[in-house]
Amino acid sequence: GLATAKIVVNSPPLGGSFSSCLFVAGDTTGSCVTEGLPLADTFRLNAPDWSDEDTPMTYQFGYLVTGDGLTAAAVTTAGTNTSNASTTAATVNASAITWFAPQSKSFIDVEFSTGTILTYCRVADSLLAETALLTGTLTVSDTPSTGRRLLQSANAAFAKARNKMKDNL
């Protein structure tokens, strides 16, 4: 006798992108600023436009701080970002990355301390087929070039951080 079998292999989500950008509420320019102030500026890790027939999809975001940075705090807010920067990482040790829990939203908003922040994303379908590791880079610094600018920047950053704390408490 002869037997045949049809084997369908699940493929990961397709067609999307990943970006890590300074989040500015109401910004419709599509620009992607990758530098900001520690703890005062919010960065959006965004993975729009992914599709897969095996829904629902989940999005997992992560980061790795290099330099002087130590921590990150997640704050979920509504909004979208249309920036389309996407790259793939082949040699990153995923166990060294700090991962947020998988979620159904295609973005997460985060504040970071100082340093170079390597950002990551994985998108998975309901059968757990996932994309390659997507990457981005952010620079978070509180050292403007001049003394006068440093004082203005420090005062503005403190006020911004204080207001964020009030809003989230």
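For the structure itself, consult the block above.
One structure accompanies this document, and this report is about it. Everything numeric here is computed off the predicted structure, so don't read it as measured data. (Residues numbered from 1 in each chain as written. Predicted model: local features only at pLDDT ≥ 70, side-chain atom pairs only at ≥ 80, totals over all residues. Heavy atoms only, no water.)

## Some details on the nonpolar core
We apply this condition: Working definition of a nonpolar core: buried Ala, Val, Leu, Ile, Met, Phe, Trp, Tyr and Cys residues. They are joined through side-chain atoms within 4.5 Å. Burial classification: accessible surface area is computed with a 1.4 Å probe over protein chains only, and a residue below 20% of its type maximum counts as buried, one above 50% as exposed, and the rest as partly exposed. In this text, helices come from DSSP runs of H or I with a minimum length of four residues, and strands from runs of E with a minimum of two, each type numbered from the N-terminal end. Contacts are residue-level and defined by heavy atoms, with any inter-residue pair within 4.5 Å sufficient.
Ala47, Phe61 and Phe112 are the most contacted members of the largest nonpolar core, which totals 21 residues. The set of elements that each furnish at least two residues to this core consists of strand 3 (43-46), strand 4 (58-66), strand 8 (107-112), strand 9 (115-124) and strand 10 (134-140). Contacts of Ala47, omitting those with residues within four sequence positions, involve Ser17, Phe18, Tyr59, Phe61, Ser106, Cys121 and Val123.

## Here we look at the state of the cysteines
Keep this limit in mind: Cysteine sulfur atoms are paired as a disulfide whenever they come within 2.5 Å of each other.
With the rule as written, the count across this model stands at one disulfide. Through a disulfide, Cys21 is tied to Cys32; the S-S separation comes to 1.9 Å. What sets the handedness of the Cys21 and Cys32 disulfide is the S-S torsion sign, and at about -95° it is left-handed. Taken together, the residues Cys21 in strand 1 (residues 19-22) and Cys32 in the loop between strand 1 and strand 2 (35-36) connect sequence positions 11 residues apart.

## Structural notes on the packing of aromatic side chains
Note the following rule: Ring pairs are drawn from Phe, Tyr and Trp, using the six-membered ring of Trp, whenever the two centres fall within 6.5 Å, and their geometry is named by plane angle: stacked under 30 degrees, edge-to-face over 60, tilted for the rest. Criterion for a charge above a ring: Lys NZ or Arg CZ within 6 Å of the ring centre, and within 35 degrees of the ring normal.
Taken as a whole and assessed by the stated rule, the structure comprises five aromatic pairs. On the numbers, 6.2 Å between centres and 45° between planes, the contact of Phe43 with Phe112 is tilted. Of this pair, Phe43 sits in strand 3 while Phe112 sits in strand 8, and the two are 69 residues apart along the sequence. No difference in accessibility class separates Phe43 from Phe112, as the two residues are buried. The interplanar angle of 40° and the centroid separation of 5.8 Å between the aromatic rings of Tyr63 and Phe100 together place this pair among those described as tilted. Placement of the pair is Tyr63 in strand 4 and Phe100 in the loop between strand 7 (98-99) and strand 8, with a sequence separation of 37 residues. Residue class for Phe100 comes out buried when judged on its relative accessible area of 17%. Grouping aromatic residues by their ring pairs yields a cluster made of Phe43, Tyr63, Phe100 and Phe112. Arg44 extends its terminal NZ or CZ atom over the ring of Phe107, reaching a point 4.0 Å from the ring centre.

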